[in-house]
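# Geometric and topological summary
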Amino acid sequence: MSIKNFTAAVAALGLLAVLPSGALAAEGTHQRGAKTVGIVTAVGSSSLTITGKAGVTKTITVTADTKLRAPDRDASGSVTLADIIAGDKVKIHLLASDPTVARSVKVEALKIAGTVAAVGKDSVTITLDDATQKTLTVNADTKLKIPDTDASGSVTLDDLKVGDAIRVKAIATAGNTLLALSINAKGTHKRGSKTVGIVTAVGSSSLTITDKAGVTRTITVNADTKLRAPDRDASGSVTLADIIPGDKVKIHLSKSDPTVARSVKVKVEALMIAGTVAAVGKDSVTITLDDATQKTLTVNADTKLRIPDRDGSGSVTLDDLKVGDKIKVETSATDATLAVSIDAKGTHQRGAKTVGIVTAVDSSSLTITNKAGVTTTITVNSATKLRAPDRDASGSVTLADILVGDKVKIQLLKSDRTVARSVKVEALKIVGTVAAVGADSVTITLADATQKTLTVNADTKLEIPDTDASGSVTLADLKVGDAIRAKAIAAAGGTLLALRISAGEYATGNGAADRPSHDGPRGGRGDRGDRGDRGGRGGRGR
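## Description of the overall build of the protein chain
For the protein chain, the helix and strand inventory stands at five helices and 37 strands. Residue burial in the protein chain is summarised as follows: out of 542 residues, 36% are buried. Of the contacts formed within the protein chain by residues at least 6 apart in sequence, a portion of 54% connects residues at least 24 apart. When the accessible surface of the protein chain is totalled, it reaches about 29300 Å², and 51% of it is carbon and sulfur.

## Some points on the pattern of salt bridges
In total, this model carries five salt bridges according to the counting rule given. Note that glutamate 426 and lysine 409 form a salt bridge whose closest N and O atoms lie 3.8 Å from each other. With glutamate 426 in strand S30 (residues 420-426) and lysine 409 in strand S29 (residues 407-412), this residue pair connects regions lying 17 residues apart in the sequence. A salt bridge links arginine 500 to glutamate 463, with the shortest nitrogen-to-oxygen separation between them at 3.2 Å.

## Some words on the sheet that holds strand S24 (residues 339-343)
Taken in spatial order, the six strands of this open sheet run S21-S20-S19-S23-S24-S22, and their pairing is mixed. Only two strands of the sheet have a single partner each, and these edge strands are strand S21 (294-298) and strand S22 (304-306). For this sheet, the mean angle separating the axes of adjacent strands, direction not counted, is 35°. Direction of pairing for strand S19 (residues 272-280) relative to strand S23 (residues 326-331): antiparallel, over a ladder of five bridges. Paired with alanine 274 across the two strands is lysine 328, which belongs to S23.

## Describing the nonpolar core
If you look at the biggest cluster of nonpolar residues, it comprises 20 residues, and the most contacted ones within it are Ile430, Val442, Leu454, Leu478, Ile484 and Ile501. Elements represented by at least two residues in this core include exactly strand S31 (428-437), strand S32 (441-445), strand S35 (483-491) and strand S36 (495-503). Ranked by size, the runner-up nonpolar core spans 18 residues in total, among them Ile126, Leu136, Leu178 and Ile183.

## Some thoughts on the environment of aspartate 320
Residue placement: aspartate 320 occurs in the loop between S22 and S23. Look at aspartate 320 and you get buried, because its relative accessible area is 0%. Beyond its immediate chain neighbours, meaning those up to four positions away, aspartate 320 contacts Ile307, Pro308, Asp309, Arg310, Asp311, Ser315 and Asp325.

## So, the sheet that holds strand S14 (residues 206-210)
The strands that make up a sheet pair up through hydrogen bonds in the backbone, lying either parallel or antiparallel. Strand order across the open sheet formed by six strands is S15-S14-S13-S17-S18-S16, with mixed pairing between neighbours. Both edges of this open sheet fall to strand S15 (216-220) and strand S16 (226-228), since each of them pairs with a single strand only. Strand-to-strand, the axes of this sheet are offset by a mean angle of 35°, without reference to chain direction. In terms of strand pairing, strand S13 (residues 194-202) meets strand S17 (residues 248-253) through five bridges, oriented antiparallel. Bridge pairing in S17 places glycine 197 opposite valine 249.

## Overview of the pairing of strand S5 (residues 89-94)
Two strands pair when backbone bridges link them, and strand S1 (residues 35-43) and S5 are joined in this way by five bridges, in the antiparallel orientation. Note on S5: the bridge partner recorded for valine 37 is lysine 91. Where S5 meets strand S6 (residues 102-108), six bridges bridge the pair, whose relative direction is antiparallel. Bridging from a neighbouring strand, leucine 94 pairs with alanine 102 of S6.

## Comments concerning the side chain of serine 47
Relative to the elements of secondary structure, serine 47 occurs in strand S2 (residues 47-51). The contacts of serine 47, once residues within four sequence positions are left out, are Ala42, Thr59, Ile60, Thr61, Val62 and Leu81.

## Some details on the confidence of the model for the protein chain
When the pLDDT values of the protein chain are averaged, the result is 81; 85% of them are 70 or greater. Every residue in residues 7-30 is under pLDDT 50, and counting partners more than four places away or in other chains gives 30 contacts. Here residues 510-538 is modelled with pLDDT under 50, and outside its nearest four sequence neighbours on either side it reaches 61 contacts, counting other chains as well.

## Here's the deal with the environment of isoleucine 219
If you trace the backbone, isoleucine 219 turns up in strand S15. Taking C-alpha positions, isoleucine 219 is 8.8 Å from isoleucine 251, a pair spaced 32 residues apart along the chain.

## Points about the side chain of serine 284
Residue position: serine 284 is located in strand S20 (residues 284-288). Beyond its immediate sequence surroundings of up to four residues, serine 284 is in contact with Thr296, Leu297, Thr298, Val299 and Leu318.

## Side note on the pairing of S30
Bridge analysis of strand S28 (residues 385-387) against S30 gives three bridges, and the strand direction is parallel. Residue pairing in the sheet places arginine 387 in a bridge with lysine 424 of S30. Looking at chain direction, S29 and S30 are connected through six bridges and run antiparallel. Across the sheet, lysine 409 pairs through a bridge with lysine 424, a residue of S30.

Calculation notes
- Residues numbered from 1 in each chain as written.
- Predicted model: local features only at pLDDT ≥ 70, side-chain atom pairs only at ≥ 80, totals over all residues.
- Heavy atoms only, no water.
- Helix = DSSP H or I, 4+ residues; strand = E, 2+ residues; numbered from the N terminus.
- Buried < 20%, exposed > 50% of the residue type's maximum accessible area, 1.4 Å probe, protein only.
- Contact = heavy atoms within 4.5 Å.
- Areas by Shrake-Rupley, 256 points an atom, 1.4 Å probe, with all protein chains shown as cover.
- Salt bridge = Lys/Arg side-chain N within 4 Å of Asp/Glu carboxyl O.
- Pairing = 2+ DSSP bridges.
- Axes fitted to C-alpha atoms, helices over the stretch in contact; angles between N-to-C directions.
- Core = buried A, V, L, I, M, F, W, Y, C linked by side-chain atoms within 4.5 Å.
- pLDDT = per-residue confidence, 0-100.

Listed below in C-alpha cells is the structure:
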C-alpha cells in the first residue's frame, strides 16, 4: 500500500479488519472502557506489548472481535495483527469488562519536531529537543511543505537546510526504520521567529525592547522592515520616529538573520483607569488609584465628558468634577496620558449608600450608627421612599414606622448626600447558641458573649427539629446550647421581634429546603411575619 493511500485511509477513519457481523450489530451496547497509548515493542499471534510514555510496559490481548485500524502493509486486502509492527504508535481502547483485552487498536502517525541535522538523497536526520537524533526515510509519497528556497519551481529535499526547524509525521517500517508521511518547514521559513516586548529605546535604525521575562534585546530595523504604528507626526507615512518608548510591539524577525526585523507592529491598546478625583485643572484631571498612586491625564476638546451638570449651566465641563468623585477614564490607544472619555455618571446617578442601626428618629430625620461606630443624621423628606413594616397598621408607611434599633439601608441623593433618596428597614441577622427559652421568648448568646432576647409570636416562623416527636414544632423543642439563627426586627420598648428562627440542623442550612417552616407557638400562620421580613409597601416620608 502506498503512503498516499494510507494517508487518505487514515483521514477516512482507516482500514478496518473484517469483523463478525454480530460484533458490529452489538457495538452500541459496549461501554468504552479505558484507553491506553504507547509504542509497540512486540507483536504476538494474539497480543501486543506496548510501552507508555511513563515507561510502563503492558501486554494487551487481541481477539477476533478487536477492531484493527492500521496500514495494510502486506497488501492482503484486510488488516490483521501482522500489519502492526514494533515501533508503531498505537491507541488502544480496552474492554470495560476486561481491561486486558483490546476492543480496538489504531495505529497513529508519530509526530516528530526538531531541527534538521542532515539531509540525504532520500532521508532527513532530525535533532530532537533532548539532543537525540532520528533519521527518516523519504519516498515519492512523502508530502513536502517546504519553501522553494532554490527557486527551481518545485520543492525537493534540496530545499531543506541544516538548522531548519522541522515537523514530521511518520510511521514505523520494517527494519525498525521510520518513513516520513509529511515534512513541514513552511511556517518557519515564511515568517521566521517573533518576539513581543515594550520599547525602551529607539535609535535611527534599531529598537530596544524588554520582553515579559525581563530580557532586553536590540533589533535592527532597515528599509525592508514593514512598520505598522500610529502616524504620530501626521507625515502621511509611518517611520521609526512614530514608535516611542512605552509602546508594546510585536516583531517578526528575518528567517535568515534573527537580529533583523521583518515587520514591527505597535499593539494599540486603550487603557481603562478607575479611581477618585484628586485634583482638577483647566485641561487635566488627577486620579488617585486603588494602590494610592496617582495619574494625571490631559483633557482636550475631543474628550467625552459623562458627568452630571452640577452647576446647572446647561453644559458639562471639568468644573462639574469635584475632588473625591469616583471616576472611570478611557485613555487614548496612541497616547496613554490623553483621556478619551471621563465617566462619573454611574456614581452620581445613584448617590452613595449607608447602612446602620437607627439610634434616633424625629419628624424629618434618622440618626444611625454604622458598623465602624460613625454616627450620621440623614434628612428624610416627602420624596424619600420608605420600605418598612406598617407597624401602626395605617395602610401606609411613614417615618413613624421606623424605630430605634432598626437596621436600615439608606440610598443618598446624588446632589445632596445628607438627604435620603430611599430608606429600607432590613431584618437583623442574629447567630449564636440558645441561652434560655421562655413561653414566648428565646435568649441567644452571641459570639462576643453578649446576649439578646427575642420575642416570639404566632407569626414567627420556626425551623426547628421536632425533638419531642409531638408532630408539631414549638419553642419547647429548643434546648439550651442549640446552635441558632434568627431574623428579627426592632419592636416597641427597645425589644426585638423574631421573624424567623432556625435551630439544630436547620441553623447550618442542612434540611431547611426540605422541610417547611412550622407555625409559631400559638398555632398562627407565618404569612404576616413573612411580610414583616420583607418590609411593608413603599411609602413616602412625612
